[in-house]
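# A look at the structure
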Amino acid sequence: MSTVLHRLDEWARESPDAPAQRYKSQGEWRTLTARDFRDRVHHLALFLESKGFDASQIGAILSYNCPPWVHVDLAALLVGGKSAGLYPNSTAKDIQYIMTHTEATLLSVQNKEYFQKISGEKGESAVPDSVRWILVFDGDTSISPKAIAYEQALAEGRALAQQPGAKTYADYLSRIDPRAGAFLIYTSGTTGNPKGAMLSHDNLAYTSDLVVKYWGLPFARGSMFSFLPLCHVAEKLQNVGVGTTQRYTVNFCSKFENVSTELPDVQPTLLLCVPRLWEKMMEGVMAKVRGGKGAKKKLAEWALAVGARVAEARYAKRAPSPLDVLQLKLADKLVLNKVRGALGLGKAEVLASGAAALAPHIATWFRALGLEILEDFGQTESTGVISMTEPGVESAGTVGKPVPGVEFKLAEDGEILTRGRHVFVGYYKDEAATQATLEDGWLHTGDLGEWNERGQLKIRGRKKEILKTSGGKMIAPLPIEEKLKAAEIISQVCMVGDGRKYLSALITLTESKLAELKDRGILNGGAVISSAEVVGQVKAHVDALNAGLASFEQIKKFAVIGREFSIQDGEMTPTLKMKRNVIEHRFREVIEQLYPAD
């Protein structure tokens, strides 16, 4: 049974000089070949084993995406152990919880800054006693007596490989159990402590094959841009799973703040984003279009309108008008092609969205640029795959159809259930949670779904997020929130009203709209924007939405918040999903003012 570790070895033997990983150092892109990649994993495994790391132990990684992240991750697995990633933007509380929960003996950090996310003001004493070795990617060993530079570890491993009788990469492969827990992925969770989902080697290899086959990804002819957290199942599946399986060059972003400059530099053929980031791209382009003047503004608006008409016709299986076809060639040459290039999507062959449902208006907007965003619906416990949309098939607002190779069904209450080789091993050290989630092999996802008229799956939201009014009406907030977010000035919507007479909403504005209001002196630094002009603009969109909703579904009152919800303030998960309980607690006084009679 093949694993990504087996596939890496095959790649290194068959195409040793192929570019496997690229990273930026001192302003220049540097390349590691397939052989470099495989050898570094092997040498690190030898080093770790020489220090006493074995199959019973766990390595934890706290770093932004980079080649050493993947090397250490896979080296721990090659030895037979497990590896757990930590979100770079995790709270100190979550980091400490995961370190304690895993009892990790190996800790790998990017640099001193990341080490301090663990040590904090307490310094070395804050590091759990279980940690025996601290591997530092940038080489600064001054952070701890337990610190070892990554390059030093590689050098020692390389020397060990030269010794007579040293374990070969093949020796390690022969001992791997593909079905055993290997990758520990801690769910970012919108409530409570993170849970450690154990994925096996086979989970990752199998789902990688499902993605490759369903989307028809070419072999050994592609490149990726890695910037989403490697500790999240989506990036793990893309970078380590599909990247190794299809032998793609993975370009590592140097840090998240550099995405907008390095993505256009790389121009990958395959790009994975979460919905919030696709939305940010769209908002950025439209803010520039609205801020344009004269002929340039009119040209951009015309080009996008032409692109939208042609895309709409093609997805409806109609032939676009001959005039629009001719105009599209000009629009593409003058505007659309330049926009794609500026976004870093000039060479994109496959664009993917995961971690949450993509709003229909975002998908259709990108089509106007000549770009199709495919959706992958899954969760950590399903190794990121359950259903996917198909290229060229109208599926905006849905997550496509269950992928061949996975069992699927909807429970009586609409909960999505799935079973198969993609389903995880279980939660680490939490048998009760495992049994509650897995029943007769069926994974209870906690997501609610329904079929549309084309036999495609629509996500209604999480079971635990359903709002029940005091009148007994049950409302899934997500579809309503997504419709309101289609308004060009609205960024985020958090509906409230569980146990209340009616529904209300906390609404945030887009980054560009907030910047405009700040320049005009309208933002006063308060929690809520009270400007009659702004409230009136938002109300117009709310009223338009309400016109198409049943009375009990309508947003009766709302408050416009003076900033966007953020990861830093604990209101969003690292994958940019709302933590509703945190938001409701933080803005409880604002919410109470929306219910004066209660």
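Residues numbered from 1 in each chain as written. Predicted model: local features only at pLDDT ≥ 70, side-chain atom pairs only at ≥ 80, totals over all residues. Heavy atoms only, no water.

## Some remarks on the environment of Gln267
For clarity, the cut-off: Numbered from the N terminus, helices here are DSSP runs of H or I no shorter than four residues, and strands are runs of E no shorter than two. Between buried and exposed lies partly exposed: a residue is buried under 20% and exposed over 50% of the maximum accessible area for its type, with that area taken using a 1.4 Å probe on protein chains only. Whether two residues are in contact is decided by their heavy atoms: any pair within 4.5 Å suffices.
Inspection of the secondary structure assignment puts Gln267 in the loop between helix H10 (259-266) and strand E12 (270-273). With relative accessibility at 14%, the residue Gln267 sits in the buried group. With 306 residues separating them in the primary sequence, Gln267 and Thr573 have C-alpha atoms 28 Å apart. Ignoring any residue separated from it by four or fewer positions in sequence, one finds Gln267 in contact with Ser223, Gly341, Gly344, Leu345, Gly346 and Lys347.

## Considerations on the sheet that holds strand E5 (residues 106-109)
Put simply, the test is: Criterion used throughout: strands pair if DSSP finds at least two bridges between them. Axis lines are fitted through C-alpha atoms, for helices just across the contact stretch, and the angle between N-to-C directions can take any value from 0 to 180 degrees.
Sheet architecture is open: 8 strands sit in the order E7-E6-E5-E3-E4-E8-E9-E19, paired in mixed fashion. Each edge of the sheet is formed by a strand with only one pairing partner; in this case those strands are strand E7 (147-149) and strand E19 (426-427). Sheet topology note: the strand E3 (residues 58-62)/strand E4 (residues 82-86) ladder contains 5 bridges and is parallel. Paired with Gly59 across the strands is Ser83, a residue of E4. Against the sheet, helix H6 (residues 150-161) engages strand E6 (133-136) and E7, with an angle of about 70 degrees to E7.

## Looking at the pattern of salt bridges
Quick note on the threshold: What counts as a salt bridge is simple: a side-chain nitrogen of Lys or Arg found within 4 Å of a carboxyl oxygen of Asp or Glu.
Scanning all chains against the criterion turns up 41 salt bridges. Here Arg419 makes a salt bridge to Glu407, at a shortest N to O gap of 3.0 Å. Within this pair, whereas Arg419 is found in strand E18 (residues 415-419), its partner Glu407 is found in strand E17 (residues 407-410), the two being separated by 12 residues in sequence. Its relative accessible area of 38% is what places Glu407 among the partly exposed residues.

## Thoughts on the pairing of E12
The alternating pattern of E12 places Leu270 and Leu272 and Leu271 and Cys273 on opposite faces, both of which are buried. The pairing of E12 with strand E13 (residues 350-353) spans 4 bridges and is classified as parallel. Looking across to E13, one finds that Leu271 is bridged to Leu351.

## Considering the sheet that holds strand E25 (residues 490-496)
Ordered in space as E25-E26-E27, the 3 strands form an open sheet in which the pairing is mixed. Strands at the two margins of the open sheet, each flanked by one partner only, are E25 and strand E27 (555-560). Adjacent strand axes in the sheet meet at a mean angle of 25 degrees, parallel and antiparallel pairs treated alike. In this structure, strand E26 (residues 503-509) lies alongside E27, joined through 5 bridges in parallel fashion. Counterpart to Leu506 in the pairing with E27 is Ala559. Sheet strands touched by helix H16 (residues 477-484): E25, E26 and E27. Its angle to E25, the strand with the most contacts, is close to 150 degrees.

## Details of the state of the cysteines
Our working definition: Defined by distance alone, a disulfide is two cysteine sulfur atoms within 2.5 Å.
For the coordinates displayed, the defined rule picks out 0 disulfides. Of all cysteine sulfurs, the one in Cys253 lies closest to Cys66, which takes part in no disulfide; the gap is 12 Å. In this structure Cys273 is not part of a disulfide, and its nearest cysteine sulfur, from Cys253, lies 11 Å away.

## Some thoughts on unusual backbone geometry
Of note, the phi angle at Arg247 is positive, near 60 degrees, even though the residue is not glycine. By the element assignment, Arg247 lies in the loop between helix H9 (233-245) and strand E11 (249-252). Phi at Thr383 takes a positive value of approximately 55 degrees, unusual for a residue other than glycine. Along the polypeptide, Thr383 turns up in the loop between strand E14 (373-377) and strand E15 (387-388). Among the residues examined, Thr383 registers a relative accessible area of 0% and is labelled buried.

## Topic: the domain arrangement of the protein chain
The condition that has to hold: Where each domain starts and ends follows an automatic or database-derived domain assignment.
We note that the domain assignment places domain 1 (4-199), domain 2 (275-346 + 348-462) and domain 3 (467-594) within the protein chain. One C-alpha centre belongs to domain 1, the other to domain 3, and the line joining them spans 41 Å.

## So, the pairing of E25
Across the 7 residues of E25, 7 count as buried, placing the element largely inside the fold. Direction of pairing for E25 relative to E26: antiparallel, over a ladder of 6 bridges. Counted as the bridge partner of Val496 is Ser504 from E26. Once E25 ends, the chain turns through 6 residues before running back antiparallel as E26, passing Gly497 with a positive phi of about 135 degrees.

## What to know about the packing of helix H1 (residues 4-14) against H9
Our working definition: Orientation categories follow fixed angle ranges, with anything under 35 degrees roughly parallel, anything over 145 roughly antiparallel, 65 to 115 roughly perpendicular, and all other angles oblique. Two helices that cross are described as forming a left-handed crossing if the nearer one is turned anticlockwise from the farther one by less than a right angle, and a right-handed crossing if clockwise. Amino acid classes used here: Ala, Val, Leu, Ile, Met, Phe, Trp, Tyr, Cys and Pro are nonpolar; Asp, Glu, Lys and Arg are charged; the rest, including Gly, are polar.
Running from N to C, H1 and H9 point in directions that differ by 45 degrees, and their axes come no closer than 9 Å. One finds that H1 runs oblique with respect to H9. The hand of the H1/H9 crossing is left-handed. Residues Val4, Arg7, Leu8 and Trp11 of H1 pack against Val240, Gly241, Gly243, Thr244 and Thr245 of H9. Residues of the contact of H1 with H9, tallied by class, amount to 4 nonpolar, 4 polar and 1 charged.

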